[in-house]
Amino acid sequence: MSRNENGAILKIEDLIKKFGNFRALDGVSLEVDKGKIIGLAGPNGSGKTTLINVVSGVYKSNDGRVIFNGEEITNIDSHKIVHKGINRTFQIPKPLLGLTVEENIRVAAVYGAKDKGKIEERIEYSLSTIGLVDLRFKKAESLTSTQQKLLDLGRALATNPKLLLVDEIAAGLTQKELKMIADMLLGLKEKGVTLMVVEHLMGFLDMITDEVVIMNAGKEIFRGSIREASNNEEVIRVFLGG
Amino acid sequence: MYRKKGIIYGLGITLLVIVLFIFLPNIYNNTSFLFNLMLYMALAEGLNIIYGFTGYLPFGYVGFFGAGAYSAALAILFLHFPPLIAVLVGGIGAFLIGIIFIPLLKLSGAYFAIANLAASQALYYIVANPNLEKITQGPYGISLANIYNPQVSYYVMLSILAFSMVTVIFIRFSDYGLALLSIKEDRVSASLAGINVPRERSIAWGLSSFIAGLSGGVYAWYVAVFYPTTVFSLEISVFVIVFVLFGGIGTLVGPLIGSLVLYSFYNFIGISTPQYFQLSYGLLIIIFALFIPNGILSIFEKRGIHVP
Amino acid sequence: MLSYALIGGIMYGLYFGLVGMGLNLIFGVMRMINLAHGDFIMLGAFLTYWLYYLFGFNPLIVIPISIVVFLVFGFLMYYVFVPKLLHSKDPEMLSFILFFGVSQVIEAIIILFFGNNQISVPSTIFAKLFNVSTFTLFGNTFPISWLVVSVACIVAFVLIYVYFFYTKLGYATRAIMANRHEALVSGIDVNKVSAIAFGVGIAAASLAGVMGFFMIGAAFPSMGTDLTTISFTIIVLGALGNPLGTVIGGLIYGVAIMLMQTYFSSWTNVLPYLLLIFVILIKPEGLLGKAVRNV
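Everything numeric in this text was worked out from a predicted model, so none of it was measured. (Residues numbered from 1 in each chain as written. Chains lettered and ligands numbered in written order. Predicted model: local features only at pLDDT ≥ 70, side-chain atom pairs only at ≥ 80, totals over all residues. Heavy atoms only, no water.)

A. Main features of the overall build of chain B. Looking only at helices and strands, one finds 15 helices and two strands in chain B. A compact globule built from 308 residues should have a C-alpha radius of gyration of about 19 Å, and chain B, at 19 Å, falls within 12% of that. Looking at the 308 residues of chain B, the share that counts as buried comes to 62%. Long-range contacts, defined here as pairs at least 24 residues apart, represent 79% of the contacts in chain B between residues at least 6 apart. Carbon and sulfur atoms make up 70% of the accessible area of chain B, which totals about 11600 Å². In chain B, 12 positive and 8 negative side-chain charges are present, and the distance between their average locations comes to 5 Å. (Helix = DSSP H or I, 4+ residues; strand = E, 2+ residues; numbered from the N terminus. Rg over C-alpha atoms; globule rule 2.2 N^0.38 Å. Buried < 20%, exposed > 50% of the residue type's maximum accessible area, 1.4 Å probe, protein only. Contact = heavy atoms within 4.5 Å. Areas by Shrake-Rupley, 256 points an atom, 1.4 Å probe, with all protein chains shown as cover. Lys, Arg positive; Asp, Glu negative; His and termini not counted. Charge placed at Lys NZ, Arg CZ, Asp CG, Glu CD.)

B. Looking closely at the interface of chain B and chain C. Contacts between chain B and chain C engage 41 residues on the former and 42 residues on the latter. Buried surface at the junction of chain B and chain C, both sides included, amounts to about 3800 Å², of which 78% is carbon and sulfur. Where chain B touches chain C, the interface holds zero salt bridges. Taken together, chain B and chain C are joined by six residue pairs in polar contact (both at pLDDT 80 or more). Elements with a minimum of two residues in the side of chain B that touches chain C: α5 (109–127), α12 (234–247) and α14 (274–291) of chain B. Taken together, the residues of the side of chain B that touches chain C break down into 31 nonpolar, eight polar and two charged. (Buried area = accessible area lost by both parts, 1.4 Å probe. Salt bridge = Lys/Arg side-chain N within 4 Å of Asp/Glu carboxyl O. Polar contact = N/O pair within 3.5 Å; in protein donor to acceptor, adjacent residues only side chain to side chain. Nonpolar A, V, L, I, M, F, W, Y, C, P; charged D, E, K, R; others polar.)

C. Seen up close, the environment of Ile37(A). All names here are of chain A. Among the secondary structure elements, Ile37 is positioned in strand β3 (residues 37–41). Separated by 152 residues in the primary sequence, Ile37 and Lys189 have C-alpha atoms spaced 7.1 Å apart. Contacts of Ile37, omitting those with residues within four sequence positions, involve Leu185, Leu186, Lys189, Leu195, Val197, Ile208, Thr209, Asp210 and Glu211.

D. Spotlight on the pairing of strand β4 (residues 63–68) of chain A. Residues and elements named next belong to chain A. In terms of strand pairing, strand β1 (residues 8–19) meets β4 through five bridges, oriented antiparallel. Note that in β4 the partner of Glu13 across the bridge is Arg65. Counted between consecutive antiparallel strands, the loop separating β4 from strand β5 (residues 71–72) contains two residues, among which Asn69 sits at a positive phi close to 50°. (Pairing = 2+ DSSP bridges.)

Encoded structure:
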């Protein structure tokens, strides 16, 4: 281990999540270093989204531990996890459809951050970061799916996250939109936010990540740069389905 | 800005309602109709808090009303409380029942509605059980004849209505209301916006049950004689739900309009020929569910006219 | 006492299995709670009463008539309401409210035609037909009508079983229950199959109404709400969305009611409601069911 152990903002230890007899997470352990963007890839059903769901409190794990900033947060409720400084986006965005764009952001800004000051500022910051200032009074249900993804991200940002879990945001985007989102995520990193990005598109991961973790069958099988990954035999075997 | 304006309009409407109900008895002598209208308006606003903002359809809402009526009556009969305090006891009694029912909020959609219906029926069968005659008088009903006072209880009802309206105004135009609407939209997204979903919805549930309990308490005082079948009648839940649906959920004015129009209609044909009334409100429910699920106020909203 | 309660409870339970059957079938296929379910039971009872006093029909003759009438009615009702509901934002909640409206309309119409009265057919009707009034099982004597109803219920369950597992239609119905969208993609005429299932559900409810006089006594226009709640209890006790699980739910319910009536009779009324709340909080998909929550 060459990485700086003290720099880990998130530590996942032997996490197990079962659905009936199926082990979606089969004792996965990994660490995310503070201030970095880590990519998370792997074939369908390898447990990437489940991992995000467990870390963000949407699912409860069966065993193992999640440690954030040195504090154990395993299986505590989502809103508490949000208050600790973790947030996430959804693969299929889940904005509050009946509310306006601004209301979506506002409710997160008011309820999501520990620091109750500067609410209006945080709303404006989130709206301008995701570029939906002009649509602030539109209902979320009238947005395009790309705009809904951005709103989902905006909701997360309004809670002032230190760690942001991004679940397959690039799927279905145009090349121009991809570039825009990549810049946005890199901008967040500049501001000190740590990111874990689940993604299928290796090109997208290559644009933004410092390191990638490859998962298969609920476990980490590789960690390193994308270049190394593409030369790793096990990774190749897993992706080719051999 | 929008919120400030909403609160001002809302309080203005509340004032108007108060003034109207103070003066109406002078020109319209059917005060029992006016009392019941206020009662249904207050219940409709109370149900609106939990259904309109949070999306839980409380089919057993009448359970709180009945619990309030009985708590108040028992406080008068056994503890010899003055009626005004007894009404408050009614509110608290219903609130406590609400706390017992909090686990039901884990359910969603129709599951919640049915479980809540079952809960209110269970309450009814317990209160009306002949084995409890020494406490609740069982099925034989309650008589509070010696404190009968329709004048004072009329104004107490009016204050409860005003209280329910002010509660709805502050929910509708506050961040708390936004949190409740978020829970209604999607519980997972709401909790990822940092909302403590179980806590916020329980508060709304508590407020909603408290208003129904106060209404039940003052009803017990106003009528002075009642039976378990009257105050636990499913018809009360049904009326209130339909009134709210008709007017428009999640607004201040919708439940008032729904109660005014439909309860007047009920008074007009419902008492003499209840089956025609039942038929027409059954049809109304079908039409609203199919074509206007958000109530008549939504028609204005669509044209860009905002109603508080 | 105990053996009477148990045997009687089983016969009672078979009947209550039929009471809950239609609600569960419709829930399984449409994921909708037919809040007018109890009112269709009531309609079945009124049809029986009407045909008995007008033409002297025995309830056994009413059974096929009732099945045909309500199958067609349910089939048509599906097309009027359900496709539109399925396209709405919140089908589960809206259908719940809509069927509540339907229940009010049915109740009002029955009161308009028959008045707000209790009705019944003579309980000796089967005794006269078969020339015996009671039968004895393990030393306990029961009215012959209970046996007739139990047999009719078992026949109904067998027919539903055959429809489900031995016909093409049943295969398609089960496919829709498993996944409506995939069934649509694989070329099943989802609306038609669902409409038939809806009709079968309504017909099963009406059948419970035909038999009701002999098990739960007189019928009256506002009996529907309680029956809907009881049916819901039964399907939650069994398995939500699995029609044949209803039989188990009915049996549990029937035996529980009989035991209550034998030992704590004054609290029998509360039992179904407490049972429902208890089960729904612990295992909302039903005691024997797989997870179908949040669908």
